[in-house]
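The primary structure of each chain is shown beneath.
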Amino acid sequence: MTLAEGILAGDQRALARLITMVENRPQEAISDLQALYPHTGKALVVGITGPPGAGKSTLVGRLAKKLRQLGKTVGIIAVDPTSPFTGGAILGDRIRMQELATDPGVFIRSMGTRGSLGGLAKATHNVIRILDAAGKDYIFVETVGVGQSEVDIVKTADTTLVVLVPGLGDDIQTIKAGILEIADIFVVNKADRQGADRVVAELEMMLDLSNREAAWRPPVYSTIATTNKGIDAVVEGIEGHIQHLRQNGQLEVRRRERYRTEIMAIVEEEIKARLLDLWSAGGLEQLLEKVAAREKDPFAAAREILQPITGNGKGGTP
Amino acid sequence: MTDRPIRVLIAKPGLDGHDRGAKVLARALRDAGMEVIYTGLRQTPEQIVETGIQEDVDVIGLSILSGAHNHLFPRVMELLREKGAEDILVIGGGIIPEDDIPALKEAGIAEIFTPGTTTQAVIEYIKERAQQS
Ligand SMILES: Nc1nc2c(ncn2[C@@H]2O[C@H](COP(=O)(O)OP(=O)(O)OP(=O)(O)O)[C@@H](O)[C@H]2O)c(=O)[nH]1
Ligand SMILES: [Mg+2]
């Protein structure tokens, strides 16, 4: 049985193993991913991001539990930073999701950011696909921070929650440009702490001032994830946003945009790999020499490298 | 092993209330380049096994201080076998009397590290064994 067949038959180990393959040896996972593709497209993908320690994992655990009560199945991808020095990582998000561990309707996977950010975004995307094919109704992707890497990962989500907490001080000013663009929903967690109301008010003000298109104004919820307070409203908010995307056709538009990005990324990668393969027998070095000696300019050199696919000039192999 | 970090689940079954030792080990394994899934206190064997499977770990490290190892460790092994996941390497650590060790190994625990074992020894053991599989 292939891993894809195992996954479609409900085998948890096959599911876990294909995820590992996507992380470690993505080329080898392609045929299984292809076999799973017709079974995907049903899951709703929810991205969750925000500063370290904001309560993202606790919140995801609560949201998942609520969705389970509503009869939905849930996949969770929890991304934590890999140490750039050792390549190791402590993946601790599951601490906050303990009680979901034995629920057969929930599958949780922790991932380290590992090497390249582009690589992570691609791996995450494929892990989402796998969980989707495995029949999960909702898939949560938790990432820390609101930097470029998170934005890339979050782009694969249908709905993005940005989690903030009181006491960030000026941080809210510095991150607001980035979060304005990616947030579909704001959650101010740790509402049991002082200053939560002010964060909510600041966000509302920020939204009032933004000239972002008015079709969807991100709602702002306050929660106490540790005591389950406000969770139902957030679940309704997520459903509301999905509903909104469906009604105005944006869900399909967003997804199509992602297919385009995905296909073009694969094409780019393949072209690069093949060309470098063709030129690997020393031809590239010779070209570099000529560019260094000013016998050729970089544009001409690049065109020459591209010749096998552009078919200009003599074409064929270099 | 640069392209494939070893994945280790560090779990604390049983009811004892602190996890300082487990945390120290988790950090040491991370510093040795491993991905450590850390799940906190008071895990049931069922939770540990499900987590190990979902996370597709190479190694499960069980840490225990409460003395319930004779029951909990074999239970983990039994569940792994039920799920067809007995290929996952399981090691144990904590306050475990010498006399109990043979039976635990008999049950399928690959190695028991008693207090005084250096984290370096654990790292070397894991690296050696995880690379074989
Ligand atoms: N007071 C209070 N504490 C909370 C609340 N939600 C979460 N916490 C606590 O905040 C700490 C961090 O929670 P996590 O859920 O791990 O936060 P996170 O954002 O996932 O953290 P990272 O993944 O490490 O960035 C834990 O000790 C939680 O118990 C809340 O609503 N109120
Ligand atoms: Mg977290």
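So, a few notes on the structure that sits alongside this text. (Residues numbered from 1 in each chain as written. Chains lettered and ligands numbered in written order. Predicted model: local features only at pLDDT ≥ 70, side-chain atom pairs only at ≥ 80, totals over all residues. Heavy atoms only, no water.)

Moving on, we come to the coordination of the magnesium ion (ligand 2). Residues and elements named next belong to chain A. Within the protein, the atoms that donate to the magnesium ion (ligand 2) are Ser57 (OG), Asp93 (OD) and Glu142 (OE), at distances of 2.0 to 2.2 Å. Between consecutive donor residues of the magnesium ion (ligand 2), the sequence gaps follow S-x35-D-x48-E. Of this pair, serine 57 sits in helix α4 (residues 56-69) while glutamate 142 sits in strand β5 (residues 138-144); the two residues are 85 residues apart in sequence, bridging distant segments of the chain. Accessibility classification places serine 57 together with glutamate 142 in one group, the buried group. (Donors = N, O, S within 2.8 Å, 3.2 Å for Na, K, Ca; no water. Helix = DSSP H or I, 4+ residues; strand = E, 2+ residues; numbered from the N terminus. Buried < 20%, exposed > 50% of the residue type's maximum accessible area, 1.4 Å probe, protein only.)

The subject of this paragraph is the environment of A:Arg193. Structurally, A:Arg193 can be placed in the loop between β7 (185-188) and α8 (196-209). Sequence separation between A:Arg193 and A:Leu36 is 157 residues, and the spatial gap between their C-alpha atoms is 45 Å.

The next thing to look at is a nonpolar patch on the surface. All names here are of chain A. A grouping of Ile263, Met264, Val267, Ile271, Leu306 and Ile309 is seen on the molecular surface, where their side chains present a nonpolar patch of about 490 Å² in accessible area. Among the elements of the structure, α10 (250-278) and α12 (298-310) are those that each provide at least two residues to the nonpolar patch. The element that contributes the greatest number of residues to the nonpolar patch is α10, accounting for four residues. Checked against the element boundaries, methionine 264 lands in helix α10. Judged by relative accessible area, methionine 264 falls into the partly exposed class, the value being 46%. (Patch = residues over 30% accessible without salt bridge, like charges linked within 9 Å, V, L, I, M, F, W, Y side chains within 5 Å. Areas by Shrake-Rupley, 256 points an atom, 1.4 Å probe, with all protein chains shown as cover. Salt bridge = Lys/Arg side-chain N within 4 Å of Asp/Glu carboxyl O.)

Opposite the 27 residues of chain A that make contact, chain B presents 31 residues. When chain A packs against chain B, the two sides together hide about 2,400 Å² of surface, and 47% of this comes from carbon and sulfur. For the chain A face of the interface with chain B, the top three residues by lost area are A:Arg13, A:Ile90 and A:Gln98, together amounting to 26%. Along the contact surface separating chain A from chain B lie seven salt bridges. At the junction of chain A with chain B, the criterion picks out 21 residue pairs in polar contact (both at pLDDT 80 or more). When contributions to the side of chain A that touches chain B are tallied by element, the ones reaching two or more residues are α2 (12-24), β3 (89-91) and β4 (106-112) of chain A. Here the side of chain A that touches chain B gets seven residues from one element, more than from any other, and that element is α2(A). Looking at the side of chain A that touches chain B, its residues break down into nine nonpolar, eleven polar and seven charged. When β3(A) meets strand β2 (residues 35-38) of chain B, the two strands line up parallel, connected through three bridges. Looking at the pairing, A:Leu91 lines up with B:Ile37 of β2(B). (Contact = heavy atoms within 4.5 Å. Buried area = accessible area lost by both parts, 1.4 Å probe. Polar contact = N/O pair within 3.5 Å; in protein donor to acceptor, adjacent residues only side chain to side chain. Nonpolar A, V, L, I, M, F, W, Y, C, P; charged D, E, K, R; others polar. Pairing = 2+ DSSP bridges.)

The subject of this paragraph is the sheet that holds β4(A). Residue and element names in this part refer to chain A. Taking strand neighbours across the sheet as the criterion, the seven strands line up as β4-β2-β5-β1-β6-β7-β8 in an open arrangement whose pairing is parallel. Because the sheet does not close on itself, it has two edges, and the strands there are β4 and β8 (220-222). For this sheet, the mean angle separating the axes of adjacent strands, direction not counted, is 20°. Those strands touched by α8 are β6 (159-164), β7 and β8, and its axis lies near 160° from that of β7. (Axes fitted to C-alpha atoms, helices over the stretch in contact; angles between N-to-C directions.)

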